[in-house]
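Reading the structure
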Protein chains: 2
Amino acid sequence: MLAVTILGNNSALPMHDRHPTSQLVTNGEQLFLVDCGEGTQIQMNRFKIRRSRIHHIFISHLHGDHYFGLAGLLNSYSLTNRKDPIHLYGPEPLWEVLQLQFKAAAAILSYPLHFHPLGEAGILLDEKKMTVESFLVHHRIPCWGFLFREKEKLRKVDPKKAFEAGVPPEFFASLKEGEDYMDPEGRIIRNSDVTKPAPRSVSYAYCADTKYDESLVPSIAGADLIYHEATYLDDQRERAIQRFHSTAKQAAMIAQKAQVKRLLLGHFSSKYEFLDAFREEAAEVFPDVEVCREGVTYLV
Amino acid sequence: MLAVTILGNNSALPMHDRHPTSQLVTNGEQLFLVDCGEGTQIQMNRFKIRRSRIHHIFISHLHGDHYFGLAGLLNSYSLTNRKDPIHLYGPEPLWEVLQLQFKAAAAILSYPLHFHPLGEAGILLDEKKMTVESFLVHHRIPCWGFLFREKEKLRKVDPKKAFEAGVPPEFFASLKEGEDYMDPEGRIIRNSDVTKPAPRSVSYAYCADTKYDESLVPSIAGADLIYHEATYLDDQRERAIQRFHSTAKQAAMIAQKAQVKRLLLGHFSSKYEFLDAFREEAAEVFPDVEVCREGVTYLV
């Protein structure tokens, strides 16, 4: 089961007790950090995030409000004597910036930090239960989105029924894969009689900072939840175009065209103190929409 | 009149709702920012600091907890379309880090940013009413302290007495400088009869991160207020030595040897949730000591 916890829902200028972009995608015990604006580690304290469980960090692009908290977080891991490796995925120049900062501080990290530069769209991470893919979005500088997708799950064995039908426990792994069981007398126990269907696999797409761009649609089509930026309301569409950002209405149009199940809006401009209008505007186009709030976890 | 407002009083790992190092020195309408740890701009929001009045920023050294908030603050100035120049004083590699960050973001600032690399100790800034000097302190990497010193002030004219004695207003500027007045009949009006002595000029020394080092004493001798780091209590003296930091007792010993008037302690390790012991330990050596608190302004 995937979930998304918002650490920062604002655009670049922190205001109204909102913070620059950062969020955590969780899959069971695993935490994946997506973007890391200034103050992310402080938000982690505030929301009691178990940061030691993060092993993978994804940075969408090199506007400061998406990564100025990264060097501090990496430093803090070292101060707390972390040993587990961190895998960092980001635009190529990020590594140069970090190396320069470490050198200036004469810093030696207590743990291995592996950098994976982002390039063409593709699979970044292939774990036992899920994958993470990158896709390109359209912003003022090179920018990537990330798609978190659970792998196909196994069927659930009903242990009572399976036992009564005479299936030995050592065959349960095969039951989960969908196989029927043939007992020593040649009698067939049908898989569907002793198992339940696999739970549905879900996916979450983080669309980062992007202008309205329908070429994004195939990358996120059918996702269970997407996060799409909505820096402005639609009366500021011209400004959004100039700055390679989107409006709430545009985010909803993308969600509708991609036939996703739910939409989360974020990256709100500091000019807006209140956010209700974002939800209202988007809901006219795509009803299953929420304005993301810091500290809230959204189940995918 | 100088004053110091604390924005962050903690060492590198933000905790217990304490933040990395940053403080503001104010002189009338002027604000000087000293160090800029991660989250400084968010602390400025919290404490309603008028950041447009900052024209000079001083960075003591390139450990992240003293400057990881700088790029974000400089960006935010640009987002709010600042036009006034900023003068930035810091270790030479800071400029390279910033340039790389601006380049990666394809950022063009809306205002002139002038960088002044720190070198030998000396005067950094010579304003009408005050000077700012740098001095070297002893940390693991090159590190500077800063001394803010009011210039000699002028005597205060008592306008009623001066008028009654027949001194014309156009001579008041000379009275402030200490001159006597001779009237057309050759009669002398003694300056001290129609003026009050100049208010005392005060000084504030920010000693940055430093190990216990008595060679610091001449740089700060006689200051009205000093800020000296006290990362640890004195039972952690060995650790302090290893990390080029100081204990509360050591900070007090420096204050005593330098015969300063008052001592502010800061840069507390995250291992300490409560800070009373810092004051108590230091006060045994140097009684006029305070533990600095975020959001509090200390008059020099």
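Above this text you will find the structure in question.
Because the structure is predicted, anything quoted here is derived from the model rather than measured.

**Things to note about the overall build of chain A**
- When helices and strands are counted, chain A shows 10 helices and 18 strands.
- Buried residues in chain A amount to 47% of all 300 residues.
- For chain A, restricting intrachain contacts to residue pairs at least 6 apart in sequence, the fraction spanning at least 24 positions comes to 64%.

**A short note on the sheet that holds strand S8 (residues 130-137) of chain A**
Residues and elements named next belong to chain A.
- In spatial order, the strands read S7-S8-S9-S14-S15-S16-S17; together these 7 strands make up an open sheet with mixed pairing. Two strands bound the open sheet, and with one partner strand each, they are strand S7 (122-126) and strand S17 (289-291). Pairs of neighbouring strands in the sheet enclose a mean axial angle of 20 degrees, with direction left out of account.
- As paired strands, S8 and strand S9 (residues 143-150) are joined by 8 bridges and run antiparallel to one another. The residue bridging Leu-136 from the neighbouring strand is Trp-144, located in S9.
- Taken strand by strand, helix H10 (residues 276-283) contacts strand S16 (262-266) and S17, and its axis lies near 165 degrees from that of S17.

**Considerations on the pairing of strand S4 (residues 54-58) of chain B**
Residue and element names in this part refer to chain B.
- Along S4, 4 of the 5 residues are buried, which leaves the element largely enclosed by surrounding structure.
- By the bridge criterion, 4 bridges tie strand S3 (residues 30-36) to S4 in an arrangement that is parallel. Pairing of Leu-31 across the sheet is with Ile-54, part of S4.
- Each parallel crossover has a hand, and the one from S3 via helix H1 (residues 40-46) to S4 is right-handed.
- In this sheet, strand S5 (residues 86-90) lies alongside S4 in parallel orientation, the contact comprising 3 bridges. By the bridge assignment for S5, Phe-58 is matched with Tyr-89.
- The parallel pair S4 and S5 is bridged by helix H2 (residues 70-79), and the resulting crossover is right-handed.

**A few points about the interface of chain B and chain A**
- Facing 30 residues of chain B, the contacting portion of chain A comprises 30 residues.
- Residue assignment for the side of chain B that touches chain A shows that the elements contributing at least two residues are H1, H2 and helix H3 (93-104) of chain B.
- Per-element accounting of the side of chain B that touches chain A gives the leading share, 6 residues, to H3 of chain B.
- Residue composition of the side of chain B that touches chain A, by class: 16 nonpolar, 11 polar and 3 charged.

**Brief notes about the nonpolar core**
- Counting 152 residues, the largest nonpolar core has Ile-226, Leu-263 and Leu-265 of chain A together with Ile-226, Leu-263 and Leu-265 of chain B as the members making the most contacts within it.
- Dropping the residues within four chain positions of it, Leu-263 of chain B is found in contact with Ile-226, His-228, Ala-251, Ala-252, Ala-255, Ala-282, Phe-286, Asp-288 and Val-289 of chain B.

**A word on helix H9 (residues 248-257) of chain A**
All names here are of chain A.
- With 7 of 10 residues buried, H9 lies mostly within the body of the structure.
- Among the residues of H9, those classed as buried are Ala-248, Lys-249, Gln-250, Ala-251, Ala-252, Ile-254 and Ala-255.
- Buried positions along H9 lie against helix H7 (217-220), strand S15 (225-229), S16, H10 and S17.
- Immediately beyond the C-terminal end of H9, within one or two residues, lies Gln-259, with a positive phi of roughly 50 degrees.

**Considering the relation of the copies chain B and chain A**
- The transform that puts chain B on chain A rotates by 180 degrees and translates by 0.1 Å along the axis, for an RMSD of 0.1 Å. Expressed as a symmetry operation, the mapping of one chain copy onto the other fits a two-fold axis. Relative to the rotation axis, the closest C-alpha in chain B is found at Gly-39 of chain B, a distance of 2.6 Å.
- When the interface residues of chain B are mapped onto chain A, 100% of them are again interface residues, pointing to one common binding face.

**Structural notes on the sheet that holds strand S1 (residues 2-8) of chain B**
Residue and element names in this part refer to chain B.
- On the basis of which strands lie adjacent, the open sheet formed by 7 strands has the order S6-S5-S4-S3-S2-S1-S18 and mixed pairing. Two strands bound the open sheet, and with one partner strand each, they are strand S6 (113-117) and strand S18 (297-299). With strand direction ignored, the average angle separating the axes of adjacent strands in the sheet is 20 degrees.

**Some points on unusual backbone geometry**
All names here are of chain B.
- Located in the positive-phi region is Asn-81, a residue other than glycine, with phi close to 60 degrees.
- Looking at where Asn-81 falls in the secondary structure, it is placed in the loop between H2 and S5.
- Backbone geometry at Gln-259 places phi at a positive 50 degrees, although glycine is not the residue there.
- Considering the arrangement of structural elements, one finds Gln-259 in the loop between helix H9 (248-257) and strand S16 (262-266).

What counts as what
Residues numbered from 1 in each chain as written. Chains lettered and ligands numbered in written order. Predicted model: local features only at pLDDT ≥ 70, side-chain atom pairs only at ≥ 80, totals over all residues. Helix = DSSP H or I, 4+ residues; strand = E, 2+ residues; numbered from the N terminus. Buried ≥ 20, exposed ≤ 12 C-beta atoms within 10 Å, placed from the backbone. Contact = placed C-beta atoms within 7 Å. Pairing = 2+ DSSP bridges. Axes fitted to C-alpha atoms, helices over the stretch in contact; angles between N-to-C directions. Right-handed = clockwise from strand over helix to strand, strands pointing away. Nonpolar A, V, L, I, M, F, W, Y, C, P; charged D, E, K, R; others polar. Core = buried A, V, L, I, M, F, W, Y, C linked by C-beta atoms within 7 Å. Least-squares fit on C-alpha atoms with pLDDT ≥ 70 in both.

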